[in-house]
Amino acid sequence: MATEFHISTHGPGLYEFTDQAGEWAQGTGLLTLFVRHTSCSLLIQENADPEVQSDLAAFFSRLVPPSTDPSMSYLTHTYEGPDDMPAHIKSALLPTSLQIPVIEGRLQLGTWQGIYLFEHRDSPHHRRVTAMITPAS
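Residues numbered from 1 in each chain as written. Predicted model: local features only at pLDDT ≥ 70, side-chain atom pairs only at ≥ 80, totals over all residues. Heavy atoms only, no water.

Participant: Got a sec to walk through the overall build of the protein chain? Specific residues and values, please.
Facilitator: Per the secondary structure count, the protein chain includes three helices and eight strands. Reading the protein chain from its N terminus to its C terminus gives the helix and strand order β-β-α-β-β-α-α-β-β-β-β. Overall, the protein chain is about 50 × 30 × 25 Å in size when its C-alpha atoms are taken along their principal axes. Within the protein chain, counting contacts between residues at least 6 apart in sequence, those at least 24 apart form 79% of the total. If you sum the accessible surface of the protein chain, you get close to 7600 Å²; carbon and sulfur atoms cover 53% of it. A distance of 6 Å separates the average location of the 7 positive side-chain charges in the protein chain from that of its 15 negative side-chain charges. (Helix = DSSP H or I, 4+ residues; strand = E, 2+ residues; numbered from the N terminus. Contact = heavy atoms within 4.5 Å. Areas by Shrake-Rupley, 256 points an atom, 1.4 Å probe, with all protein chains shown as cover. Lys, Arg positive; Asp, Glu negative; His and termini not counted. Charge placed at Lys NZ, Arg CZ, Asp CG, Glu CD.)

Structure (structure tokens):
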């Protein structure tokens, strides 16, 4: 069983799609999520306090600033904009796939956990996340 989730972004940050994944998940098995882009990531993270998401985005912006920052002057892949190569670096540091157990149609996430696409680019994008449930044997 497979599908694709479409997530529209409007700049850097975390975009939750837990409800979308939960509504789609059926049966018992393992949900695999895979983002089909090289400049964003997937995360399971706290979804109770929005400051967690903004703090994570701020941390990664400080960790990997735009290519216009003097500390990033060594970058050579800059023709797609100052946010592009830093976005590739962030997606190399963070997961691009996740696995979540599903039991009787319910995602086995913790009380405060949510599923997020972490957008690393400045401009709006339409991201695709492939989802597949491998049934329990």
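Participant: I'd like to hear about the environment of A136, residue by residue, with values.
Facilitator: Within the fold, A136 resides in the segment after β8 (125–135). Sequence separation of A136 and T28 is 108 residues, and the distance between their C-alpha atoms is 5.9 Å. Residues contacting A136, with those up to four places away along its chain left out, are T28 and G29.

Participant: Summarise unusual backbone geometry; cite the residues concerned and give the values.
Facilitator: Excluding glycine, a negative phi dihedral is what most residues carry, and trans is how most peptide bonds are arranged. One non-glycine residue, E104, adopts positive backbone phi at about 50°. Residue class for E104 comes out exposed when judged on its relative accessible area of 70%. (Buried < 20%, exposed > 50% of the residue type's maximum accessible area, 1.4 Å probe, protein only.)

Participant: Could you give an account of the layout of surface pockets, naming the residues involved and the relevant values?
Facilitator: What the largest pocket holds in volume is close to 210 Å³. Counting only elements with at least two residues in the lining of the largest pocket, the list comes to α1 (18–24) and β6 (106–107). (1 Å grid on protein atoms, 1.4 Å probe; cavity = no way out; pocket = protein on both sides within 12 Å on 5 of 7 lines; lining within 4 Å. Points joined across faces, edges and corners; volume = space filled by probe spheres on them.)

Participant: Provide a residue-level description of the sheet that holds strand β2 (residues 13–16), including the pertinent values.
Facilitator: Taking strand neighbours across the sheet as the criterion, the three strands line up as β2-β7-β4 in an open arrangement whose pairing is antiparallel. This sheet does not close on itself; its edge strands, each paired only once, are β2 and β4 (40–46). The mean inter-strand angle of the sheet, taken between neighbouring strand axes irrespective of direction, is 40°. The pairing of β4 with strand β7 (residues 113–119) spans seven bridges and is antiparallel. In the strand pairing of β7, E46 is matched with Q113. (Pairing = 2+ DSSP bridges. Axes fitted to C-alpha atoms, helices over the stretch in contact; angles between N-to-C directions.)

Participant: Talk me through the pattern of salt bridges; I want residue IDs and the actual numbers.
Facilitator: In the structure shown here, the tally under the stated rule is four salt bridges. Taking the shortest distance from any N to any O, the salt bridge between R36 and E4 comes out at 2.5 Å. Taken together, the positions of R36 in the loop between β3 (29–35) and β4 and E4 in strand β1 (residues 2–9) put the pair 32 residues apart, joining distant regions of the chain. Overall, the relative accessible area of 38% leaves R36 in the partly exposed class. Residue D84 is joined to R121 by a salt bridge in which the shortest nitrogen-to-oxygen separation is 2.9 Å. In this pair, D84 sits in helix α3 (residues 84–93) while R121 sits in the loop between β7 and β8, placing the two residues 37 residues apart along the sequence. Given a relative accessible area of 10%, R121 falls into the buried group. Within this structure, D83, D84 and R121 form a network of salt bridges that share partners. (Salt bridge = Lys/Arg side-chain N within 4 Å of Asp/Glu carboxyl O.)

Participant: Let's hear about the side chain of S41: which residues, and what values?
Facilitator: Along the chain, the position of S41 falls in strand β4. Overall, the relative accessible area of 0% leaves S41 in the buried class. Within the structure, S41 has its side chain in polar contact with the side chain of H120 (distance 2.8 Å). When near neighbours in sequence (up to four residues on either side) are disregarded, S41 contacts V35, K90, S91, L94, P95, Y116, L117, F118 and H120. (Polar contact = N/O pair within 3.5 Å; in protein donor to acceptor, adjacent residues only side chain to side chain.)

Keep in mind these numbers describe shape, not what the thing actually does.
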